[in-house]
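Here is what each chain is made of, one letter per residue.
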Amino acid sequence: MYGIVNKAIEELVIANFGHEKWLSVKKASGVEQDFFISNEPYDDDVTFRLAQAVSIEMSMSLEEVLIAFGQWWVVKTTQDRYADLMQSGGDNLKEFLLNLPMFHNRVMLLYPKLTPPEFRITHVTESGLYLHYISQRQGLIDFVRGLIEGLGIIYKTQISIELIQQNTQGEPYEIFKLSW
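Residues numbered from 1 in each chain as written. Predicted model: local features only at pLDDT ≥ 70, side-chain atom pairs only at ≥ 80, totals over all residues. Heavy atoms only, no water.

Colleague: Residues and numbers for the side chain of Arg145, please.
Modeller: Summarising the element assignment, Arg145 is placed in helix α7 (residues 141–154). Ignoring any residue separated from it by four or fewer positions in sequence, one finds Arg145 in contact with Ile67, Ile161, Leu163 and Phe176. (Helix = DSSP H or I, 4+ residues; strand = E, 2+ residues; numbered from the N terminus. Contact = heavy atoms within 4.5 Å.)

Colleague: Outline helix α3 (residues 44–57), listing residues and values.
Modeller: For α3, with 14 residues, the first-to-last C-alpha span of 20 Å sits near the 20 Å given by 1.5 Å per residue. Every buried residue of α3 is accounted for by Val46, Thr47, Leu50, Ala51, Ala53, Val54 and Ser55. Capping the start of α3 is the job of one residue whose side-chain oxygen sits 2.7 Å from the backbone nitrogen of Asp45: Asp43. Just past α3, the residue Ser59 takes up positive phi, approximately 55°. (Expected span 1.5 Å × (residues − 1). Buried < 20%, exposed > 50% of the residue type's maximum accessible area, 1.4 Å probe, protein only. Polar contact = N/O pair within 3.5 Å; in protein donor to acceptor, adjacent residues only side chain to side chain.)

Colleague: How would you sum up the packing of helix α1 (residues 3–17) against α3? Please name residues and give values.
Modeller: Interhelical geometry of α1 versus α3 gives an angle of 15° and a closest axis separation of 10 Å. On the basis of their axis angle, the class for α1 and α3 is roughly parallel. The handedness of the crossing between α1 and α3 comes out as left-handed. Mapping the contact onto sequence places Val5, Asn6, Ile9 and Val13 in α1 and Val46, Thr47, Leu50 and Val54 in α3. Considering only residue class, the contact of α1 with α3 consists of six nonpolar, two polar and no charged. (Axes fitted to C-alpha atoms, helices over the stretch in contact; angles between N-to-C directions. Parallel < 35°, antiparallel > 145°, perpendicular 65-115°, else oblique. Left-handed = near helix turned anticlockwise from the far one by under 90°. Nonpolar A, V, L, I, M, F, W, Y, C, P; charged D, E, K, R; others polar.)

Colleague: How would you sum up the layout of surface pockets? Please name residues and give values.
Modeller: What the largest pocket holds in volume is close to 810 Å³. What lines the largest pocket is a set of 41 residues, among which Trp73, His104, Pro117, Phe143 and Leu147 lie closest to the centre. Listed by contribution, the elements that provide at least two residues to the lining of the largest pocket are α1, α3, α4 (62–81), α5 (83–87), α6 (93–110), β2 (128–134) and α7. In terms of residues, the lining of the largest pocket owes the most to one element, α6, which gives six residues. Here the residues of the lining of the largest pocket sort into 34 nonpolar, five polar and two charged. (1 Å grid on protein atoms, 1.4 Å probe; cavity = no way out; pocket = protein on both sides within 12 Å on 5 of 7 lines; lining within 4 Å. Points joined across faces, edges and corners; volume = space filled by probe spheres on them.)

Colleague: So what's going on with the pattern of salt bridges? Which residues, and what values?
Modeller: One pass over the full model with this rule turns up six salt bridges. Arg137 is paired through a salt bridge with Asp44; the nearest N and O atoms lie 2.6 Å apart. With Arg137 in the loop between β2 and α7 and Asp44 in helix α3, this residue pair connects regions lying 93 residues apart in the sequence. Accessibility expressed as a relative area gives 19% for Arg137, which makes it buried. On the accessibility criterion, Asp44 (22% relative accessible area) is partly exposed. Of the charged contacts in the structure, one is a salt bridge between Glu126 and Lys94, with a shortest N-O distance of 3.6 Å. A residue pair is termed long-range when its members are at least 10 positions apart, and Glu126 in the loop between β1 (118–125) and β2 and Lys94 in helix α6 qualify at 32 residues. For Glu126, a relative accessible area of 67% gives the class exposed. (Salt bridge = Lys/Arg side-chain N within 4 Å of Asp/Glu carboxyl O.)

Listed below in structure tokens is the structure:
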């Protein structure tokens, strides 16, 4: 993952728990980088080790950490750094989600070494849709849940998220049923 992801984890911890707690997280993770360069790729293991250390240091489940980080990513990181890109996704939650399958094509212009997930949209109605999440990375389903919740916050839309298919059940990808 790119350094911007690791920097966002650092910012989340510092904003909510303070700099000293970030130093504890970093030490517990075994990650030795003094700082992360936003547009440089890092091994995914670095990000996972940081998330696991946050879980331990904050006495939170890894699921809670990933959901909180997903929300933070959308509500704080993207708004601070990529507001124009986010605004181009749509004027409301439904529009943004319908445009999501093409979103990472624009992101890859900024981060050419990105290995993005793929999103597909099916079963579209006025009050919901199915979001298919396809990724080479395992263990990020709760992060995606947090991203969706973050989008609901940005678009001021109450959203219900139901995981109706998991790739751990022998399926090739996850499907979320989203309702608003």
